[in-house]
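So the chains spell out like this:
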Amino acid sequence: MANFERPVATPTPLSRLIPGAPEVDITGITSESAKVRAGDLFAALPGTHVHGAAYAPDAVARGALAVLTDEDGARELADLRVPVIALSEPAAQLGPIAAKLYGDPGRALTAFAVTGTNGKTTVAFMVEEILTQLGHTPGLIGTVAVRAAGVEMPAVMTTPVPAELQALLAAFRAAGADTLAMEVSSHALVQGRTDPLRFAVAGFTNLTQDHLDFHKTMENYYRAKRSLFMPGRAQRGVVTVDDAWGRRLLDEAEVPVVALGVTSAVDRGWQVTDAVESAAGATFTLAWVGEAGDWRTGAQIRVALRMPGTFNIANAALALAMVLESRLAAPAQLADALAGGLAPRVPGRMEQISEAPRVIVDFAHNEAALTTAVESLLPTTRGRLIVLTGSAGERDADKRPAMARAMAERADILYITDDDPHGEDPARIRADLMRGAHGRARVIEIPDRREAIRTAIHMAAPEDTVLLAGRGHETMQPLAHGAVELDDRVEARAALSAREKE
């Protein structure tokens, strides 16, 4: 798999990027010491556990010509042999500095951002697919992949850190990209990772309990998401109003926004109607309702979606509305472009591995996402619904009992197993889940995830549905002693192969 190389910028004096800085010509910026190249500015930022200043000597040894840090970092680096520039909030200023160095590449891209708790990855993939069908060359940045113009690399985090993001946008432009579809996490918004990129259209999916280990309260979580819908970050937005948070955002957004109703009706905005679901996907109509007096009046698009689940209707409708609101294509043009259907392949998102039994891998890892996934599968499940799930360690522990309860109330069999424990005791995580696992389901605890997957698939009848939830596309399982290879899709295929040989 080819990677995007961080571009080498035209040598630029630091004083042109940071007033008062020395006359040192730099050709790149990074906050990762292992990625430093000769001519770079190294950003030594304060971290959760270790200050980036600890890595500055290594960065200099690799060729960094200067270091950007805060006052604490500057004190630690008083004897460093290269210039040290101290700013009060270096992390907040890193994006704008990097954008200047790389020629502000984001200004040349029509950029789309999607935020919310669930659905971000799928919506971003759908926006990318729609833009491609319209004849554009989109870049994609998200949880699963980073790619543009036929070049792809694995994603490290949902939203890259500021200097790396700007370098990536410059690489996208060099590869010929003209548009961008991007997931923007709440963490990234709080940390200003996307600044100064201004999105043409921002989209909101939903908000449910998650990431409270970071945000502490749902109000803080909501405000982080809301900050995307500000003039400095987006020109306009589309807000799904099927939950109370979306309806609140519709009123509080500081840029022009339109409503999207999927399971709820809107007086004015984009509305999903006439939805018909099947095991393979769905068809639905996206129509403008209410008086607009502009290009939206009478707009109506019939869509064939080749992905199952009501929630994917919502995802597709949001992607379509975002592209429509950008005015890159008129409704009739978009309808023509999608005449063959909308069928993006999103790794680890309701990804079907087999048919008999039907085995599906999905990233659902909170109560709302799990409930939505299960309820979308129930109508087309001929036999039993078997769910396998766990919960990540060192994350919001309060959500675990509710997750398990929601599954125990809906599934026929529930396997509780390990997810990504990180440094937390896996037994404690499973105990939190087991505390809430009360309902109609038969509950089975199997710590080892490989064994749990093998057992669930081995015990399934041909007419059953097996949902392997929580890890989706992930290929490495972080444990206290280090990460090990573990891909639910690979393990499922191995279990199915062994089943066929019996």
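Caption draft 1: Structural detail: the pairing of strand β21 (residues 413-416). Burial along β21 is two-sided: Ile 413 and Tyr 415 facing one way and Leu 414 and Ile 416 facing the other are all buried. Here strand β20 (residues 385-389) pairs with β21 via four bridges, running parallel. Bridge pairing in β21 links Thr 389 to Ile 416. Handedness of the β20-helix α14 (residues 400-408)-β21 crossover: right-handed. The pairing of β21 with strand β22 (residues 442-445) spans four bridges and is parallel. Residue pairing across strands places Tyr 415 opposite Ile 444, the latter belonging to β22. In terms of handedness, the path from β21 via helix α15 (residues 426-436) over to β22 forms a crossover that is right-handed.

Caption draft 2: Quick peek at unusual backbone geometry. Of note, the amide linkage connecting Asp 195 to Pro 196 takes the cis form, showing an omega dihedral of 10°. Position of Pro 196 relative to the elements: it lies in the loop between α7 (186-191) and β12 (201-204). Residue Pro 357 is reached from Ala 356 by a cis peptide bond, and omega for that bond is 0°. Inspection of the secondary structure puts Pro 357 in the loop between β18 (351-355) and β19 (358-362). For Ala 149, which is not glycine, the phi dihedral falls at a positive 50°. On the secondary structure map, Ala 149 appears in the loop between β9 (145-148) and β10 (151-154). On the basis of relative accessible area, Ala 149 is assigned to the partly exposed category, the value being 41%. Phi is positive for Glu 394, close to 55°, though the residue is something other than glycine.

Caption draft 3: Spatial organisation of the sheet that holds strand β4 (residues 40-43). Read across the open sheet, the four strands follow the order β3-β4-β5-β6; overall the sheet is parallel. Every other strand in the sheet has two partners, leaving β3 (28-30) and β6 (84-86) as the edge strands with one partner each. Between one strand and the next, the sheet's axes are offset by a mean angle of 20°, whatever the strand orientation. Sitting on the sheet, helix α4 (residues 90-101) is in contact with β3, β4 and β5 (66-69), with an inclination near 155° to β3.

Caption draft 4: Up close: α4. The terminal C-alpha atoms of α4, which comprises 12 residues, lie 16 Å apart, in line with the 16 Å expected from a rise of 1.5 Å per residue. Of the residues making up α4, those classed as buried are Pro 90, Leu 94, Gly 95, Ile 97, Ala 98, Ala 99 and Leu 101. In the stretch just after α4, Gly 103 is the one whose phi turns positive, near 80°.

Caption draft 5: Focus on the sheet that holds β18. Ordered by their spatial adjacency, six strands build an open sheet running β18-β19-β23-β20-β21-β22, and the pairing between neighbours is mixed. Of all strands in the sheet, those bounded by a partner on one side alone are β18 and β22. Across the sheet, the mean angle from the axis of one strand to that of its neighbour is 15°, orientation sign disregarded. The strands touched by helix α17 (residues 488-501) within the sheet are β18, β19 and β23 (465-469), with β18 carrying the most contacts at an inclination of about 0°.

Caption draft 6: Broad picture of the packing of helix α5 (residues 120-133) against helix α11 (residues 310-326). Remark: α5 packs on α11, axes separated minimally by 9 Å, with the N-to-C direction vectors making an angle of 50°. When the axes of α5 and α11 are compared, the pair comes out oblique. Pair α5 / α11 crosses with right-handed handedness. Each of Thr 122, Val 123, Met 126, Val 127, Ile 130 and Leu 131 in α5 lies in contact with α11, whose residues at this interface are Asn 312, Asn 315, Ala 316, Leu 318, Ala 319, Leu 320, Met 322 and Val 323.

What counts and how
- In this numbering scheme, every chain counts its residues from 1 along its sequence in written order.
- The predicted origin of the model limits local features to residues at a pLDDT of at least 70 and limits the giving and counting of side-chain atom pairs to 80 or more, whereas totals for whole chains, interfaces and linings rest on all residues.
- Side-chain measures here rest on the full set of heavy atoms in the structure, leaving out hydrogens and waters.
- Remark: exposure states derive from per-residue accessible area (1.4 Å probe, protein chains only) relative to the maximum for the residue type, with buried under 20%, exposed over 50%, and partly exposed in between.
- Secondary structure elements are taken from DSSP: a helix is a run of H or I of four residues or more, a strand is a run of E of two residues or more, and numbering for both begins at the N terminus.
- Pairs of strands are assigned from DSSP output, requiring at least two bridges between the strands.
- Think of it like this: strands point away, you trace from the first strand over the helix to the second, and a clockwise trace means the crossover is right-handed.
- The axes are straight lines fitted to the C-alpha atoms, using for helices just the contacting stretch, and the angles between their N-to-C directions are given from 0 to 180°.
- Residue contacts are defined here by distance: any two heavy atoms, one from each residue, within 4.5 Å place the two residues in contact.
- The span you would expect from a helix comes to 1.5 Å times its residue count less one.
- Convention used here: angles under 35 degrees read as roughly parallel, angles over 145 as roughly antiparallel, angles from 65 to 115 as roughly perpendicular, and any remaining angle as oblique.
- Each crossing gets its hand from how the near helix is turned against the far one by less than a right angle, where anticlockwise is left-handed and clockwise is right-handed.

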